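Given next are the chains, with one letter for each unit.
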Amino acid sequence: MQNAQRSNMSVSRPPHVDNRVWGDEDEVVAAAVNYAWRRLTRAPDPVSGARSAADLALAAGTAITPWGIGGEAALKLFDRVLAPATRAQNAVTNLAYIPAAPTRAALAFEAVTGAANIFAGTWEAGAGAIHAENEALAWLTKLLGWPDTSAGCFVSGGTSGNLSALVAARTAAAALRSRPTDGWKIVCADSAHSSIRTAAQAMDVEVVTAAVDRRGRLTGAAVSAALDSVDGVFAVVATAGTTNAGLVDDIEGIADACERHRVWLHIDGAYGGAGLAAPSVRHLYSGIERADSFIVDPHKWLFAPYDCCALLYRDPAAARAAHSQSAHYLDAIDRDVHNPADLALHLSRRARGLPFWFSLAVHGTDRYARAVEQTLTTSRLVADAIRTSDHLRLTIDPHLSVLLFERPGWSPQDYASWSARVAQTGAMLCVPTRWNDTTVLRMAFVNPDTRAADVIHVLDTLR
């Protein structure tokens, strides 16, 4: 009788009740996908930017509630309040810091990657995605002149990439000699990215600063002098495109010094590594084929969306020794293939290299090389205009696509006022920096759609 009652209760359940925890999400999914398509097909707003925390909190209100606000309200909040309070990184007039200029193909595939929900930490879980990522990494390996046995993975950014590479370098050194009594050390220049000191602090190692030459580059002679005078150095970090000035260190000379002292050479090419694809500047990277590890951020100058850093090892054995995690629940992982989890300081990871791979597959590497060259051409045209100007002065001769220049007679406040004024109008995002203790203006060109004539026109307002 009880069974019959239970059966009747089941049959009498209303036929249209949705018992799924999340309910029917079809409508909100369609709305989100349509919104993404609209964002992809319209130009970014060059005047979008941060609001004060108090102002933004007031405008946004409370979205996370016990009952939810619904898809329509949440999308409207993002579109009208939250998105306009973020900087348009891919605006053609954004020349501040190191902006980003992803292809629309890469941005679109970022949505596909998220929809696929791939765990890409191990081959067993994400073989197809990892295969595609490895194909993109192989193109970078070829640009470096490294052997086919090289390997790497995609991590979130240069900070993570530099830290992972340096952990591998220390592991390699520790396999050859005992820890020095006064600790391990890294050699780099003051111009090295701030993430190198962050990595050193996290690893509890010392940073030894080597002097740069009059042009602002770290040289082989300076590195050799540092290695001769200091014990316990396990890695030297050279920069292929410094963040502040876009300078490429003396990689060939530094590689000579590292080879003589049997020290790991890591190249931070987070911004400037993309220049390897451009024939006009490839000579600046001579010696990079001898480096032990390398990073480049495709989200900077290789037209990928955030966040995407390619980390590569010429010989991945040290990386595996440093980063492979061991646990009972990981025993089944195939260690004979390149598991991204074995090559960096992470385990869980999304397939962040897929949008870069997709854009490369769509457009081809030749078009990528032309796009990098286009930005270099634009920066050279602007540099020439500054050189011939009667009111501006080029601070240093550029190596890549970063320009430092000044308006003689101006104070730091003058620069700040001008920068704020042109940013508010959307004419240009160009902020001051410091070079040799002097305030100057700085522009970084990474967008092939930026036009030199438009930039030069804005610079006329500095008169």
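Presented here is a report on the structure given in the accompanying data block.

**What to know about the overall build of the chain**
Helix and strand content of the chain: 16 helices and eleven strands. With the principal axes as the frame, the chain shows a C-alpha extent of 95 × 60 × 40 Å. Put simply, 71% of the contacts in the chain that link residues at least 6 apart link residues at least 24 apart. For the chain, the accessible surface area stands at approximately 22700 Å², while carbon and sulfur atoms represent 53% of it. Here the chain contributes 42 positive and 47 negative side-chain charges, whose respective centroids are spaced 3 Å apart.

**Considerations on a negative patch on the surface**
Together, Asp 24, Glu 25, Asp 26, Glu 27 and Glu 72 make up a region of like negative charge exposed at the surface. Tracing the chain through its elements places Glu 25 in the loop between α1 (2–11) and α2 (26–40).

**A closer look at the packing of helix α13 (residues 354–363) against helix α14 (residues 365–388)**
At a closest axis distance of 6 Å, the pairing of α13 and α14 adopts a crossing angle of 100°. As far as their axial angle goes, α14 and α13 are roughly perpendicular. When α13 is examined against α14, the residues Phe 356, Ser 359, Leu 360 and His 363 are found in contact with a partner set consisting of Thr 365, Arg 367 and Tyr 368. Tallied by class, the residues present in the contact of α13 with α14 amount to three nonpolar, three polar and one charged.

**Describing the layout of surface pockets**
Within this model, the largest pocket holds a volume of roughly 1400 Å³. If you trace the largest pocket, you find 42 residues lining it, with Arg 39, Pro 44, Asn 90, Pro 102 and Leu 107 closest to the centre. Looking at the lining of the largest pocket, the elements with two or more residues in it are α2, α4 (71–82), α5 (104–116) and α14. Class assignment for the residues of the lining of the largest pocket results in 25 nonpolar, eight polar and nine charged. Of the pockets and cavities examined, the second largest pocket occupies roughly 430 Å³. Lining the second largest pocket are 19 residues, and of these Arg 262, Val 263, Trp 264, Asp 292 and Arg 314 sit closest to its centre. Within the residue set of the lining of the second largest pocket, elements represented by two or more residues are α7 (158–174), α10 (251–261), β5 (264–268) and α12 (317–323). Considering only residue class, the lining of the second largest pocket consists of twelve nonpolar, no polar and seven charged.

**Remarks on a nonpolar patch on the surface**
Together, Val 28, Val 29 and Val 33 make up an exposed nonpolar region whose accessible area comes to about 230 Å². Relative to the helices and strands, Val 28 resides in helix α2.

**Describing the pattern of salt bridges**
Applying the stated rule across the entire model yields 19 salt bridges. Asp 182 is the salt-bridge partner of Lys 185, the closest N and O atoms lying 3.0 Å from each other. Asp 292 is the salt-bridge partner of Arg 314, the closest N and O atoms lying 3.3 Å from each other. With Arg 314 in the loop between β7 (309–313) and α12 and Asp 292 in the loop between β5 and β6 (293–296), this pair connects stretches of sequence that are 22 residues apart. We classify Arg 314 as partly exposed; its relative accessible area is 27%. Connected through salt bridges with shared partners, the residues Glu 110, Asp 307, Arg 350 and Arg 352 form a single ionic network.

**Some remarks on the sheet that holds strand β11 (residues 438–444)**
Taken in spatial order, the four strands line up as β8-β9-β11-β10 in an open sheet, and their pairing is antiparallel. Edge positions in the sheet fall to β8 (393–394) and β10 (432–435), since each of these pairs with one other strand and no more. Of the pairings in the sheet, the one linking β8 to strand β9 (residues 402–406) comprises two bridges and is antiparallel in character. Its bridge partner lying in β9, Leu 394 is registered against Phe 405. Contacts between helix α15 (residues 412–425) and the sheet are confined to β9, β10 and β11, with β11 contributing the most and set at about 25° to the helix.

**Comments concerning the packing of aromatic side chains**
A complete count under the given rule lists twelve aromatic pairs for this structure. Between Trp 184 and Phe 234, the aromatic rings sit 6.0 Å apart at their centres with planes inclined by 85°, giving edge-to-face as the arrangement. With a gap of 50 residues between them, Trp 184 in the loop between α7 and β2 (185–189) and Phe 234 in strand β4 (residues 233–239) connect regions that are remote in the sequence. On the basis of relative accessibility, which here comes to 6%, the residue Trp 184 falls in the buried class. Between the aromatic rings of Trp 357 and Phe 358, the centroid separation amounts to 6.4 Å while the plane-to-plane angle is 50°, which identifies the pairing as tilted. Accessibility expressed as a relative area gives 23% for Trp 357, which makes it partly exposed.

**Focus: empty space enclosed by the protein**
Applying the stated criterion to the full structure yields four cavities of 30 Å³ or more. Residue composition of the lining of the largest cavity, by class: three nonpolar, six polar and one charged.

**Here's the deal with the environment of Arg 197**
Relative to the helices and strands, Arg 197 is located in helix α8 (residues 194–203). Note: C-alpha distance between Arg 197 and Tyr 415 (218 residues apart in sequence) is 29 Å. Those residues in contact with Arg 197 that lie beyond four places of it in its chain are Asp 190, Val 207 and Thr 209.

What counts, and where the lines are drawn
- Residues numbered from 1 in each chain as written.
- Predicted model: local features only at pLDDT ≥ 70, side-chain atom pairs only at ≥ 80, totals over all residues.
- Heavy atoms only, no water.
- Helix = DSSP H or I, 4+ residues; strand = E, 2+ residues; numbered from the N terminus.
- Contact = heavy atoms within 4.5 Å.
- Areas by Shrake-Rupley, 256 points an atom, 1.4 Å probe, with all protein chains shown as cover.
- Lys, Arg positive; Asp, Glu negative; His and termini not counted.
- Charge placed at Lys NZ, Arg CZ, Asp CG, Glu CD.
- Patch = residues over 30% accessible without salt bridge, like charges linked within 9 Å, V, L, I, M, F, W, Y side chains within 5 Å.
- Salt bridge = Lys/Arg side-chain N within 4 Å of Asp/Glu carboxyl O.
- Axes fitted to C-alpha atoms, helices over the stretch in contact; angles between N-to-C directions.
- Parallel < 35°, antiparallel > 145°, perpendicular 65-115°, else oblique.
- Nonpolar A, V, L, I, M, F, W, Y, C, P; charged D, E, K, R; others polar.
- 1 Å grid on protein atoms, 1.4 Å probe; cavity = no way out; pocket = protein on both sides within 12 Å on 5 of 7 lines; lining within 4 Å.
- Points joined across faces, edges and corners; volume = space filled by probe spheres on them.
- Buried < 20%, exposed > 50% of the residue type's maximum accessible area, 1.4 Å probe, protein only.
- Pairing = 2+ DSSP bridges.
- Phe/Tyr/Trp six-rings, centres within 6.5 Å; stacked < 30°, edge-to-face > 60°.

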